[in-house]
Amino acid sequence: MRDRHLGFVAAAATLLAAAPLSTIFERWTWLIQCTVAVALVAGAATLARSLRAPLWAQLLGMLVTLTLVLTLMFSSGEELLAIIPMPGTFAHFGELMTFAVEDMRSYGVPVPDRVGLQFLTVLGVGSVAILVDLLTVGLRRPALAGLPMLAIYSVPVAVYTDSVHPLPFVIGAVGFLWLLVADNVDRVRRFGRRFTGDGRDVDVWEPSPLAAAGRRLAVVGVALAVLLPLAVPGMTTGLLANFGAGGNGPGGNGRGTGGRVDLFANLSGELQQGKEREMLKVTTNDRTPQYIRFGVADELTEQGFRNGRRASSSRLRDGLPAFQEPGVPGVSTDRYEATIEATDEFNMGLLPIYPTPVAIRNFKGNWFYDPNQQVVYSSGASARDQKYTVEYIRTSYSATALRLADALPETDQMVKQFTAMPDNQQVQEQVNELVEGKTRPYDRVRAIYDFFSVKNNFSYSLQTEGGTGGTAIVDFLTNRRGFCQQYAAAMAWMVRAAGIPARVAFGFSSGSNRRDGDTFTLTNKNLHAWTEVYFGPTFGWVPFDATPAASVAGSVRSDYAPDVDAAPTPEPSSSATGGPAPDVTGGTVGPQDGTNDAADLGGGVGAITPTTPRWPWFTIGAVILLFALLTVPALRRSLLRRQRQSSGGGVAAAAAGADGGGGDGLRIVVSDVAAAGQAREDAHAAWAELLDTMVDYRVPIDLTETPRATAGRLVRDDLVDGPAAEAVRLLGQAEERARYARDPLQAGRLGEGLRTVRKALASRANRRTRLAARLLPPSVLLRWRLAIVESSIRTVLTSGRMRDGLMRWSPRRLLTRPSSR
């Protein structure tokens, strides 16, 4: 009984320790699966201990149960009887592990319901449940069980670029403390009873001064562990976000900007999510809005682009730098205003804005503006649920004007900073081939930009690796399949290789497919990356989007960077979607109004058609089966009670017919032998029901007492009174005469009396006892437990007799038998 209770606490503590995983997953499907797995593993351990199996058998039973659960939830279709794993099942498990590794590389948190990640989660939590049960119940070392429970908590801390919310940590800590307290109480109960100094008996849950001090220290320790990181600067981001961080990078996913954020990983994960989520609502008087930016990656290393250090920043509340008109022919500016509302899905420490802002109003929190990176960031606030207004300058360039831009000297600080890159011979050879004979910076950039075209076999696909390092860029230029972040990073790298400053910008495309007048909605599918090239202080940073226009919803093209895949002379009557036509005015082409096809959603070339997973049906079936098993004791108790109550009042008519009397419902059967036998059976059934009712409501029973003594004790202890007292005396008299008298009493009111006594006992019990009596009746569980014990005893005796029989024919005994004389 005690081991069963401790095993239940170990299982519950494991699930509580898994609470931090809720910050990783988008939905709660993982929790349902883990709950089913942990419950079945704990049930297997309890069953093995009830059979007095050795420790190794308990461990084997839990491992087998976890394997069967994984087979049922993540079936490969090759199982025997749909649950017994076969070699193909374990090969399928290996594939799921591979899928999980790929998903971890591709998705940002929170992740959707991906079968590989769910398999890895159930396997991990189930394995931790086995270790916790083994250490707590089997080895009686509950303190060591905190190590595997801590391993679960370390997962979101390591992978989450945001701060992990303290509430899941508190929940996990409570589970661990509960485990320690339950083990301590169990040890005291095993030792004996506790007494105070004056000899008063106290319950084991009543703390001694030392235990009370220990519990207070535990609570204080948990509080400090939660509050201290919130109070100390620099301790509010994830482990990987802080590791190797310079501390000056712009904000990332979530609050806190202490570390450098992998904006590429965040972009890749959002684009590959199956669910489309609204992130921004924009209202602007700009009829053809350009891209909204929120971050840049301007530092290039062997591992690829990343957001670099901030050179200088100013408080956003102090205003923005004044805008200087370029004053160059072919360059025009217009002033617009936009109201941007970020939903709770955009939880970042970066504020989405249009390029070249001149005023930002109505924002909440402490924000800073970096004029070099042109980003608004915060170390404590989040863009989530913000609604603010941005006044900005939109600059339009002509190809002629950009072609007049002179090359910057190599000693220029911008050239030194934004052309720095690792050596890569393959990329350099490709760039040299493209820019050969071109001296003007714009001509060099256009040669590289035009290279990313369909005629050069480039195609859009999300089903590729998302890296931006040297090897990944070479792979992209070789395979020529990728999505926006690879196009942007590859072009920026190649422009740097041509000696021209370049960086990668992150933001949203215009999302014209969800427009309502001047307002349009941007989702995670509109997240985008493009290249920005620096043409000197006169022109500043000029955007170039090398990603195929037909694959980006709301793509923006211009005359200086047109759609390289568009037909040069489209037929007037043609209805084909070969690409957007250039703007006849020579200005910026607005967002495309084409349909959002599979390419817009990241399908692209080589996309994998999603299939309906089968695990939800298996999970639902397992939950239904679990609930059905839990209702068996209550159903058994209800049927047994109904049978006994009907027996206790079902022969009143027969008795009355035999004796022919009325009166108070109590008859002495003297002439009908059959009626007397039935009366005894009814009295025994009613008394058995009374005893089971007492067990259900935690009323002590003594099988050595006579029925009259038991009935008198119930009345004497004020457990029943009034009609219930009369009913219990009637039941006692009927059982007493059925046992000891020649002529039993025939009671026509036994069924009614049982109901009266049951209501009286229930009214004096607490809510927990009443709930247990209804859902998990102790009388049924006790009867089953005794049956299991008796069955185990019979099995042990039978195996002993078989062992003795086999020993008689043991060759060793025959060889050692003395020879007859």
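Residues numbered from 1 in each chain as written. Predicted model: local features only at pLDDT ≥ 70, side-chain atom pairs only at ≥ 80, totals over all residues. Heavy atoms only, no water.

Re the overall build of the protein
In terms of helices and strands, the protein carries 25 helices and 22 strands. Going through the 821 residues of the protein one by one, you find that 46% of them count as buried. Here the analysis covers contacts within the protein between residues at least 6 apart in sequence; of these, 73% occur between residues at least 24 apart. (Helix = DSSP H or I, 4+ residues; strand = E, 2+ residues; numbered from the N terminus. Buried < 20%, exposed > 50% of the residue type's maximum accessible area, 1.4 Å probe, protein only. Contact = heavy atoms within 4.5 Å.)

Comments concerning the nonpolar core
Within the largest apolar cluster, 86 residues are counted, with the highest numbers of intra-cluster contacts made by Ile448, Phe452, Leu477, Phe535 and Phe544. Ranked by residues supplied to this core, first place goes to helix α16 (residues 484-497) with 11 residues. Judged by nonpolar contacts, the second largest core, of 39 residues, contains Ala42, Phe119, Val125 and Ile130. (Core = buried A, V, L, I, M, F, W, Y, C linked by side-chain atoms within 4.5 Å.)

Looking at the sheet that holds strand β9 (residues 350-351)
Sheet architecture is open: four strands sit in the order β7-β11-β12-β9, paired in antiparallel fashion. Each end of this open sheet is capped by a strand with a single partner; those strands are β7 (314-315) and β9. Relative to strand β11 (residues 368-370), β7 runs antiparallel, the two being bridged by two bridges. What sits directly across from Ser314, in β11, is Tyr369. (Pairing = 2+ DSSP bridges.)

What about the side chain of Thr419?
Tracing the backbone shows Thr419 in the loop between α12 (413-418) and α13 (425-435). On the basis of relative accessibility, which here comes to 17%, the residue Thr419 falls in the buried class. In contact with Thr419, other than residues within four places in its own chain, are Met414, Arg496, Gly499, Ile500 and Pro501.

Points about helix α14 (residues 441-451)
Taking burial as the measure, the 11 residues of α14 include eight buried ones, the bulk of the element. Every buried residue of α14 is listed here: Pro441, Tyr442, Val445, Arg446, Ala447, Ile448, Tyr449 and Phe451.

Overview of the confidence of the model for the protein
Where the model shows low pLDDT, its predicted coordinates should not be examined in detail. This prediction gives the protein a mean pLDDT of 74; 70% of its residues lie at or above 70. Predicted confidence is poor over residues 230-261, with pLDDT under 50, and the contacts of this stretch with residues over four places away or in other chains come to 86 contacts. Across residues 570-611, where pLDDT falls below 50, the model places 65 contacts with residues more than four positions away in sequence or in other chains. (pLDDT = per-residue confidence, 0-100.)

Remarks on the sheet that holds strand β4 (residues 292-297)
Within the open sheet, the four strands sit side by side as β4-β16-β19-β20. Their pairing is antiparallel. Looking at the sheet topology across the chains shown, the edges are occupied by β4 and β20 (541-544). Direction aside, the axes of adjacent strands within the sheet are offset by 40° on average. Bridge count for strand β19 (residues 527-534) against β20 is four bridges, and the pairing is antiparallel. By the bridge assignment, Val533 is partnered in β20 with Val542. Along the sheet, α16 makes contact with β16 (502-508), β19 and β20, crossing β19 at roughly 10°. (Axes fitted to C-alpha atoms, helices over the stretch in contact; angles between N-to-C directions.)

Structural notes on the packing of aromatic side chains
Taken as a whole and judged by the stated rule, the model has 26 aromatic pairs. When the centroid spacing of 6.4 Å and the interplanar angle of 25° are considered together, the rings of Trp28 and Trp30 count as stacked. A relative accessible area of 53% means that Trp28 is categorised as exposed. Judged by its relative accessible area of 1%, Trp30 falls in the buried class. When the ring of Phe452 is compared with that of Phe476, the centres are 6.4 Å apart and the planes differ by 15°; the resulting orientation is stacked. With Phe452 in the loop between α14 and β14 (459-460) and Phe476 in helix α15 (residues 470-479), this residue pair connects regions lying 24 residues apart in the sequence. Accessibility assignment for this pair places Phe452 and Phe476 in one class, buried. Three or more aromatic residues joined by ring pairs form one cluster here, namely Tyr397, Tyr449, Phe535, Phe539, Phe544 and Tyr560. (Phe/Tyr/Trp six-rings, centres within 6.5 Å; stacked < 30°, edge-to-face > 60°.)

Here's the deal with the packing of α14 against α16
For the pair α14 and α16, interaxial distance at closest approach is 10 Å and the crossing angle is 150°. As judged from the angle between their axes, α14 and α16 are roughly antiparallel. The way α14 lies across α16 gives a crossing that is right-handed. Between α14 and α16, the residues in contact are Val445, Ile448, Tyr449 and Phe451 and Met491, Met494 and Val495, respectively. Partitioned by chemical class, the residues of the contact of α14 with α16 number seven nonpolar, no polar and no charged. (Parallel < 35°, antiparallel > 145°, perpendicular 65-115°, else oblique. Left-handed = near helix turned anticlockwise from the far one by under 90°. Nonpolar A, V, L, I, M, F, W, Y, C, P; charged D, E, K, R; others polar.)

Re the pattern of salt bridges
Counted according to the given criterion, the structure contains 21 salt bridges. Of the charged contacts, one joins Arg49 and Asp133 as a salt bridge, the two residues approaching to 3.0 Å between their closest N and O atoms. Of this pair, Arg49 sits in helix α2 (residues 29-50) while Asp133 sits in helix α5 (residues 115-138); the two residues are 84 residues apart in sequence, bridging distant segments of the chain. Considered together, Arg49 and Asp133 belong to a single accessibility category, that of buried residues. With a shortest N-O distance of 3.4 Å, Arg361 and Glu337 are connected by a salt bridge. Of the two residues, Arg361 is situated in strand β10 (residues 357-361) and Glu337 in strand β8 (residues 331-342); the sequence distance between them amounts to 24 residues. Take Arg361: its relative accessible area is 33%, and that puts it in the partly exposed class. Residue Glu337 is classed as partly exposed on the basis of its relative accessible area, which comes to 34%. One network of salt bridges, with partners in common, ties together Arg335, Glu337, Arg361 and Glu391. (Salt bridge = Lys/Arg side-chain N within 4 Å of Asp/Glu carboxyl O.)

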